[in-house]
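One-letter residues, chain by chain:
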Amino acid sequence: MKTKFKTLFSTIIFLFVGINTCAAQEYNKYYINHSSSSFIGKNGLLESVKGEAIDLDLLNATIFHLTNIERSELNLPKLMFGGKLYKSAQLHSNKMVQLNFFSHTNKFEKKWREPKDRILHFENKYTSLGENILENNLLNYKGKVLNYRIEEQDNGKIIYLDSKGLQIKYSTYLQLANRLVQQWMNSEPHKKNILSKSYSLLGCACAINPDEIPIMIRCTQNFGRL
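As the structure is a prediction and not an experimental result, all values here were calculated from the model. (Residues numbered from 1 in each chain as written. Predicted model: local features only at pLDDT ≥ 70, side-chain atom pairs only at ≥ 80, totals over all residues. Heavy atoms only, no water.)

Student: What exactly am I supposed to notice about helix H6 (residues 173–185) here?
Tutor: In this model, H6 (13 residues) spans 18 Å end to end at C-alpha, consistent with the 18 Å of a helix rising 1.5 Å per residue. Taken together, the buried positions of H6 are occupied by Tyr-173, Leu-176, Ala-177, Arg-179, Leu-180, Val-181, Gln-183, Trp-184 and Met-185. (Helix = DSSP H or I, 4+ residues; strand = E, 2+ residues; numbered from the N terminus. Expected span 1.5 Å × (residues − 1). Buried < 20%, exposed > 50% of the residue type's maximum accessible area, 1.4 Å probe, protein only.)

Student: Explain the nonpolar core to me, please; I cannot follow it from the model alone.
Tutor: General note: in soluble globular proteins, nonpolar side chains tend to be found buried as a group. One finds Ile-54, Leu-59, Ile-63, Leu-138 and Cys-219 to be the most contacted residues of the largest nonpolar core, which totals 39 residues. For this core, the element with the highest residue contribution is H6, accounting for seven residues. Among all residues touching Ile-63, those that are not within four sequence positions of it are Ala-177, Leu-180, Val-181, Trp-184, Cys-204, Cys-206, Cys-219 and Gln-221. (Core = buried A, V, L, I, M, F, W, Y, C linked by side-chain atoms within 4.5 Å. Contact = heavy atoms within 4.5 Å.)

Student: Sorry, what's going on with the pairing of strand E7 (residues 149–152) here?
Tutor: The side chains of a regular strand alternate between the sheet's two faces. Direction of pairing for E7 relative to strand E8 (residues 158–161): antiparallel, over a ladder of four bridges. Residue Glu-151 lies in a different strand from E8, and its bridge partner there is Ile-159. Between the end of E7 and the start of E8, which pair antiparallel, lie five residues, with Gly-156 showing a positive phi angle near 90°. (Pairing = 2+ DSSP bridges.)

Student: Help me understand a nonpolar patch on the surface, please; the structure alone is not making it clear to me.
Tutor: A contiguous nonpolar patch, built from Ile-150, Ile-158 and Ile-213 and spanning about 210 Å² of accessible area, is present on the exposed surface. Mapped onto the secondary structure, Ile-158 falls in strand E8. (Patch = residues over 30% accessible without salt bridge, like charges linked within 9 Å, V, L, I, M, F, W, Y side chains within 5 Å. Areas by Shrake-Rupley, 256 points an atom, 1.4 Å probe, with all protein chains shown as cover. Salt bridge = Lys/Arg side-chain N within 4 Å of Asp/Glu carboxyl O.)

Student: Help me understand the pattern of salt bridges, please; the structure alone is not making it clear to me.
Tutor: Side-chain pairs of opposite charge can arise where the charged atoms are in close proximity. Inspection of the entire model under this criterion finds six salt bridges. Glu-123 is the partner of Lys-84 in a salt bridge, and the nearest nitrogen-oxygen pair spans 3.7 Å. Of the two residues, Lys-84 is situated in helix H4 (residues 83–98) and Glu-123 in the loop between helix H5 (115–122) and strand E5 (128–137); the sequence distance between them amounts to 39 residues. Of the residues examined, Glu-123 reaches a relative accessible area of 7% and is grouped as buried. Between Arg-118 and Glu-131 there is a salt bridge, and its shortest N-O distance comes to 3.0 Å. In this pair, Arg-118 is assigned in helix H5 and Glu-131 in strand E5, connecting sequence segments 13 residues apart. You can call Glu-131 buried: its relative accessible area is 0%.

Student: Is there a simple way to explain the side chain of Gln-221 in this structure?
Tutor: Position of Gln-221 among the secondary structure elements: in strand E11 (residues 216–225). Overall, Gln-221 belongs to the buried group, its relative accessible area being 0%. A polar side-chain atom of Gln-221 sits 2.9 Å from a polar atom in the side chain of Thr-67. Aside from chain neighbours lying at most four places away, what touches Gln-221 is Ile-63, Thr-67, Gly-130, Glu-131, Asn-132, Trp-184, Ile-194, Leu-202, Gly-203 and Cys-204. (Polar contact = N/O pair within 3.5 Å; in protein donor to acceptor, adjacent residues only side chain to side chain.)

Student: Just checking my understanding: could you explain the environment of Asn-100 for this structure?
Tutor: Relative to the assigned elements, Asn-100 resides in the loop between H4 and H5. Residue class for Asn-100 comes out exposed when judged on its relative accessible area of 55%. The spatial distance from the C-alpha of Asn-100 to the C-alpha of Asn-209 is 9.2 Å, given a sequence separation of 109 residues. Apart from residues no more than four positions distant in its own chain, Asn-100 is found in contact with Lys-95 and Arg-218.

Structure below.
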C-alpha cells in the first residue's frame, strides 16, 4: 500500500490594528523552563511514540522548539509560546480529525469556518496572524510516500512491513516532530510563515485518528503578533 501525505498552506496574512499584552503562558515545563536547544536535548524525545497512547503535549512542544531552531539558523527572533494560539490550533486539529476533513476551512461549523474565526475567538487584538496545517502518520519512514503492507500477529496486533519485509517501527518524538516541521519547510508558503518577521507568537497542536491504518496525525500551527 502507498500513503501520501498532505500539507496545505496559508498565503494570506490577516492584518488588524491593536496592541495587547502577551497571551497567558501554558505548559511552563515545556515552553518556559528550556531554550529550544536544551529542550531538544531531552532524553524523553528519543522514546518511540506508543500508537494511540502518544503524548501529544510533548510532541506539540517539540514541534514548537524545532520551529524556533529553524528561525535561529537564520538569526531570526524566536517565537514565544502563545497560549491562546495553542488553543485555536488544538481546536482546529481536533475538528479536522473529529469531522474528517483536511482544510483551513471548516465547512461543517460556521463559527469555526476560517483561521481568523478560530484565532480571534481566543484573542481579538492580533495585528497579524497565519496558519499552517499538515497530515501524516506516526511511523518512521523516509521520503514523501510511505510504502507498506500490513501483517496481523497472533495476538491481534498489527505491524507494518516495508518492501523487504522489515518492520516499520513507530517514530521517536524527535523523529516525528522533525519530519512534520520539515514537511512544512519543504513547502514555500508554509516555510514563509515559519520564517516570517510578521509574527512573534506561536502555538502548535496535533490530533490523531487511531482508527486510521496507519494512525493518522493532523497538526496545526497558528502564528500571531499582538
